[in-house]
Amino acid sequence: TEGLTAAKENGYSIVVTDLEAAVSLDEIDWTQKTLLLFGNELAGVSEEAKKLADKRVIIPMHGFVESFNISVAAAMALKHACDAREGATGKRGDLTPEQQKVLRSVYYAKHVGSRSNDILHDLLGRERKALK
């Protein structure tokens, strides 16, 4: 609950999944800062998390199963959130070009192994030359 409290203090809306929820994923404003919390497959989200939640959502199901596997539920909810956000804002993300460049650099650094320092040094050199 410490993390959820910190998120609320930083302006995030807390949305938890709940089999007894009254709202659908369509009723969430995905253009706002949102923390989406999934419970485990057996017990769901804790009662403490439910008390801190701004909204509880349910992912509709058909058939005889009560809930989706957590990875399936997360994939479905995040796909829905991305599509809804893009529909509302006209864009997929909200990172500035500079933030995108930093994020891409961190990704590359993590995935190129021992050459990461050489590559980052080269990129920083190019950036310095471009700024002159």
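Given the structure is predicted, the values throughout are model-derived calculations rather than measurements.

Conventions and cut-offs
Residues numbered from 1 in each chain as written. Predicted model: local features only at pLDDT ≥ 70, side-chain atom pairs only at ≥ 80, totals over all residues. Heavy atoms only, no water. Helix = DSSP H or I, 4+ residues; strand = E, 2+ residues; numbered from the N terminus. Rg over C-alpha atoms; globule rule 2.2 N^0.38 Å. Pairing = 2+ DSSP bridges. Axes fitted to C-alpha atoms, helices over the stretch in contact; angles between N-to-C directions. Salt bridge = Lys/Arg side-chain N within 4 Å of Asp/Glu carboxyl O. Buried < 20%, exposed > 50% of the residue type's maximum accessible area, 1.4 Å probe, protein only. Expected span 1.5 Å × (residues − 1). Arc of directions from axis to C-beta. Contact = heavy atoms within 4.5 Å.

**Q** What is the right way to read the overall build of the protein chain from this model?
**A** Across its full length, the protein chain holds 5 helices and 3 strands. Reading the helices (α) and strands (β) of the protein chain from amino to carboxyl end gives α-β-β-α-β-α-α-α. For 132 residues, the compact-globule estimate of 2.2 N^0.38 gives 14 Å, and the C-alpha radius of gyration of the protein chain, at 20 Å, exceeds that figure by more than 25%. For the protein chain, the C-alpha atoms occupy an extent of roughly 60 × 30 × 30 Å along the three principal directions.

**Q** Sorry if this is basic, but what is going on with the sheet that holds strand S2 (residues 34-37) here?
**A** Strand pairs in the sheet, formed through backbone hydrogen bonds, run parallel or antiparallel to each other. Strand order in the open sheet formed by 3 strands is S2-S1-S3, with parallel pairing between adjacent strands. The sheet is open, and its two borders are formed by S2 and strand S3 (55-57), each paired with just one other strand. Neighbour-to-neighbour, the strand axes of the sheet open up by a mean angle of 25°, direction not taken into account. For strand S1 (residues 13-17) and S3, the ladder comprises 3 bridges, and the chain directions are parallel. Across the sheet, residue Thr17 finds its bridge partner in S3, namely Val57.

**Q** I keep staring at the pattern of salt bridges and nothing clicks. Help me out?
**A** Opposite charge on two side chains lets them pair, provided their charged atoms get close. For the structure shown, the criterion picks out 10 salt bridges. The partner of Glu47 in a salt bridge is Lys50, with the nearest N and O atoms 3.5 Å apart. Taken as a pair, Glu47 and Lys50 lie in helix H2 (residues 47-52) at a separation of 3 residues, close to a single helical turn. Overall, the relative accessible area of 47% leaves Glu47 in the partly exposed class. In this structure, the salt-bridge partner of Arg85 is Asp94, at a minimum N-O distance of 2.7 Å. Here the residues in one salt-bridge network are Asp18, Glu47, Lys50 and Arg56, joined through shared partners.

**Q** What am I meant to see in helix H3 (residues 70-89) here?
**A** Helical geometry: 3.6 residues make up each α-helical turn, so side chains three or four residues apart lie on a common side. The terminal C-alpha atoms of H3 lie 28 Å apart, and with 20 residues this matches the ideal 28 Å at 1.5 Å per residue to within 8%. For H3, the full list of buried residues reads Ala73, Ala74, Ala77, Ala81 and Arg85. Looking straight down H3, one finds its buried side chains confined to an arc of 95°; they lie on one side. Considering only its buried residues, H3 is in contact with S2. Gly90, located one to two residues past H3, shows a positive phi value of around 80°.

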